[in-house]
Each structure stands twice: as C-alpha cells, then as structure tokens.
Amino acid sequence: MKKSRRVLVVGGGGREHALAWKLARDGAEVLVAPGNAGTAAVAENVAVAADDIPALIEVARSRDVDLTVVGPEIPLVAGIVDAFTAAGLRIFGPTAKAAQLEGSKLFCKQILHRGDVPTAMFREFRSAATARRYLEEREDMPVVVKADGLAGGKGVFVCHDRATALDAVATLADDPQFSAAAQGILVEERLDGIEVSVMAITDGRTIVTLPPLQDHKAAYDGDTGPNTGGMGAYCPALFVDDAMLAEIEARILVPTVHAMRRAKVPFLGILYGGLMLTSQGPKVLEFNARFGDPECQALLVRLESSLLDLLDAATDRRLDTVEPPVWKDGASVAVVMASEGYPGAVAKGRPIRGLEAAAAHEGVEVFHAATRAGETGVVTDGGRVLAVTAIAESLAKAKLRAYTGVREIRWPGGWCRKDIADKGLHRERELLAAEAVAPAEPVAPAEPVAPGGEAP
C-alpha cells in the first residue's frame, strides 16, 4: 500500500482551511499550524504560530513532513522558505527576496518596469509630509494611496479627490496598524475599469495559469465602505475570456517571472495578480506572493485534479512535466461572514450556530477563518470568521447555494455582503443578450442583514 504523504500547511485562516481540505482530498496526511476549528475537522492542528519559523522547522523535522505549504504573506516575507531550504526541508513558496513582490509595492513597481509590464504611473514618498505636499501642489484628481509594506489588505485607499487622498495619508501616518507598512507611501494614478484576479503557480520558469476570479474588497454592498481583506469572491470571472486570459499571461505573468529571474530573484510559488481591465488593456494593480483569501476557497472547490501534484512539481522545478489541472464545470461563489466592527476592532468568543446545517446543503463547503473551539462549540476569534463557499453548474445557482448556506449560520453581530457575484451575473446577462440567448435563470434574493446586525 502506498504511503500517505505528510504535508504541513502554515497558517490559520480560511485560505489554509481550503488548502488543508483539498490536500486531504488528494490523499495527503495534513498538519496545520496553528489552524482553526475548521481545519481540525480535516487535519491535525499543531499549536505553533505561523511566524514562529524555528518551531515550524522542528515540527517539519520531528513529524517527517514531506512538503510544507505556506499560506500567509508574513512568514514568506520573514524568510520561512529560506530557513526551511537551509535546513534541508522541502517547502513551496517564494524566498524572502522574491516575496518582496508583495512585501514592498515599490519593489513590485521596479520589477514591473524591468519587465515592461503595464501598470499605473506612481510617485514614491518616504514621509507623510512629502506625500501631503505633493497632493496639495498637484491638480485635484482621483488617485490611489498605498502603504509600501504589508498592511493585511487594508493599506490601499482609492481616493476620489485631494481631500480624501490627504485623509488617506493622515490615516497611514497616524494609525498604529500602518506604522511599519507606511514607512513608504505610494501615490498612483487611479485606473478605471473592471478589477479581476488571476493567479498562477510557477517554479520560476514554467507557469500554470489558474481560472480568473473577481473578489470584493470593500466592506459593504455596492463596493462601498472601507477596504477589507476580502468579503467574497467568485470563479470564473466572466470579464476574462480565453483571449483575455492569454493576453494576461503573455503581457503580465510571463514577463514578471522573467523580470524576477533577470533581477536574480527567481520567483517560485503563487503569483497572484490583482489586475484592472482598462480601455488600454489589462494593467497590474498589485502582486501578491500567495493564494488570495477568499479567492483560494472559491478556486479550490472547482479543482478536480490534484493540488498536491502541482505543488510538488513546482517545488522540484519540474512544473513542465505535469498535466494541466482539471477544473469542474460551472462556477463557485464564496461569501465571507464577518464579525460586527470589522474591519476595525471586533468582539471575540461569540458562539456560532448552524455550521453543520449549512454544510449539509448540496455543493456547500464552510471554510473557517477566525474560529476556535469553545467550551460548548465553535466560537468567533476575529474579524473575517467564515467563507461559505458553493459550487454549481451556473453562477446564479452557485450564488443561491452559498447564500442558502449563509442563512443557516448565525452569531450575535455576524454579517456579510449580500451582493457577492452580482457583477458576474450582470456580465453573464450582457453576454447572453449579445448572443441573443434567453437570459439566465432568476435567483431568489438572499437575505443577509446589513452590517452590524445578526447573520440570517
């Protein structure tokens, strides 16, 4: 009998639950450090923090781990891949220098310039005072203000005018959560168009491009409210057809990988492109160095073939030898359920009801993010608590299934956006109308309550 592979997944969020869930389905014996209440159901949780690199190395050694897969960006930027490699351990992800593609927006811009990759024009500032002076002296027009470093997905401010841009700079300068990230500030031109996400697995030479997604960063319906780590996603993004995906691969993904090699910083891992589809073609908003969250959840429920085989091949730099991944037909939708107050401070320890009932619905998986085991069951442990994810033969049915799952779950103060995937459904209707085909089936509206109330 073939021996089961042992895989260590580093992290404790919804992305890591999805990774553990898929790798377990691929036949691996999975450990998750530190994990959450959801990962405990599909893997073995190990009480080691995701940024405690020496302790993680000890876990990998003592437990004979064959491959370590890193979920979050912080340990990647901190050099976990370098440390594991030096210890003779196999690990999937970019080195600390390569992870600067996400860890430093200025580094990212420099790589994009080297590769002639289309992106927004920008100016860099090393103090809030110089950024303010620049904004006050230039024409009053929309811009995007970004913290140079990592800010948990919250360090980007889309500003409609000078006043909101100055407010963004003040926030970066004064809010303690941005103290490290905002040591550099970028002011970019604001790109107009449709925002999509395209991820690829790469070993530094070969890339495997994954289906396009669209995530929802703003907190509230209609893309209003503050930026968050992500309130939902759907796959595939219907704004990207095969021709557009080929263009993105040829003009953005491949040149970026080549530019990293030429800079002597080869990139191995997940290359995540946050893109804007503009009237001049696709342009890069940002790159991440790992799977997105909740994009990972929406993506992996559609992956029919082995994720483990892909990660193994990339780690061994033989990605060109594996068969292309096989994807389930249809579409998927992931709806994030959050705690009252998110993306600000939230209360923890609220008991969650209805998890089993939600997961019992056809095509629904409930991926845990900020949860832990309480005395009487699963309780909340942070801001983004769950990603209720569904797959179906159409986007409309996937959305209906996801929100059907959402309606089963409740805790005091739980909430979610109720318009996840609506842009995709609108695009679907446009495409069908253009082809003179009957419109997509109607969908019964979901009824999650407005932010601050109790989830339905």
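Residues numbered from 1 in each chain as written. Predicted model: local features only at pLDDT ≥ 70, side-chain atom pairs only at ≥ 80, totals over all residues. Heavy atoms only, no water.

J.: An account of the packing of helix α13 (residues 395–408) against helix α14 (residues 422–434) is requested, with residue identities and associated values reported.
T.: Between α13 and α14, whose axes approach to 10 Å, the crossing angle comes to 155 degrees. Taken together, the axes of α13 and α14 lie roughly antiparallel to each other. When the axes of α13 and α14 are compared, the crossing they make is left-handed. Packed against α13, whose contacting residues are Leu-395, Ala-396 and Lys-399, the element α14 presents Asp-422, Gly-424, Leu-425 and Glu-428 at the interface. For the contact of α13 with α14, the per-class residue count stands at three nonpolar, one polar and three charged. (Axes fitted to C-alpha atoms, helices over the stretch in contact; angles between N-to-C directions. Helix = DSSP H or I, 4+ residues; strand = E, 2+ residues; numbered from the N terminus. Parallel < 35°, antiparallel > 145°, perpendicular 65-115°, else oblique. Left-handed = near helix turned anticlockwise from the far one by under 90°. Contact = heavy atoms within 4.5 Å. Nonpolar A, V, L, I, M, F, W, Y, C, P; charged D, E, K, R; others polar.)

J.: Account for α14, with residues named and values stated.
T.: Under the 1.5 Å per step criterion, the end-to-end length of α14 is 18 Å for 13 residues, consistent within 8% with the ideal 18 Å. Restricting attention to buried positions, one finds in α14 the residues Gly-424, Leu-425, Glu-428 and Leu-432. Around the axis of α14, the buried residues are gathered within 100 degrees of arc, so they sit on the same side. Within α14, the exposed residues directed more than 90 degrees away from the buried face are Ala-433 and Ala-434. (Expected span 1.5 Å × (residues − 1). Buried < 20%, exposed > 50% of the residue type's maximum accessible area, 1.4 Å probe, protein only. Arc of directions from axis to C-beta.)

J.: So what about the sheet that holds strand β8 (residues 156–159)? Which residues, and what values?
T.: Each strand in a sheet pairs with its neighbour through backbone hydrogen bonds, running either in the same direction (parallel) or in the opposite one (antiparallel). The strand order across the open sheet built from four strands is β6-β9-β7-β8, with neighbouring strands paired in antiparallel fashion. A single partner strand is all that each edge strand has here, and the edge strands are β6 (122–125) and β8. When strand polarity is set aside, the average angle formed by the axes of neighbouring strands in this sheet is 15 degrees. Summarising the sheet, β6 and strand β9 (residues 185–189) pair through four bridges and their orientation is antiparallel. (Pairing = 2+ DSSP bridges.)

J.: Account for the pattern of salt bridges, naming residues and giving values.
T.: As enumerated under the stated definition, the model contains 28 salt bridges in all. Across the salt bridge formed by Asp-312 and Arg-90, the nearest N and O atoms sit 2.8 Å from each other. Of this pair, Asp-312 sits in helix α11 (residues 307–315) while Arg-90 sits in the loop between α4 (80–86) and β5 (91–92), and the two are 222 residues apart along the sequence. A relative accessible area of 7% means that Asp-312 is categorised as buried. For Arg-90, a relative accessible area of 27% gives the class partly exposed. A salt bridge links Asp-215 to Lys-217; the nearest nitrogen and oxygen atoms lie 2.5 Å apart. Note on Asp-215: relative accessible area 8%, which makes it buried. (Salt bridge = Lys/Arg side-chain N within 4 Å of Asp/Glu carboxyl O.)

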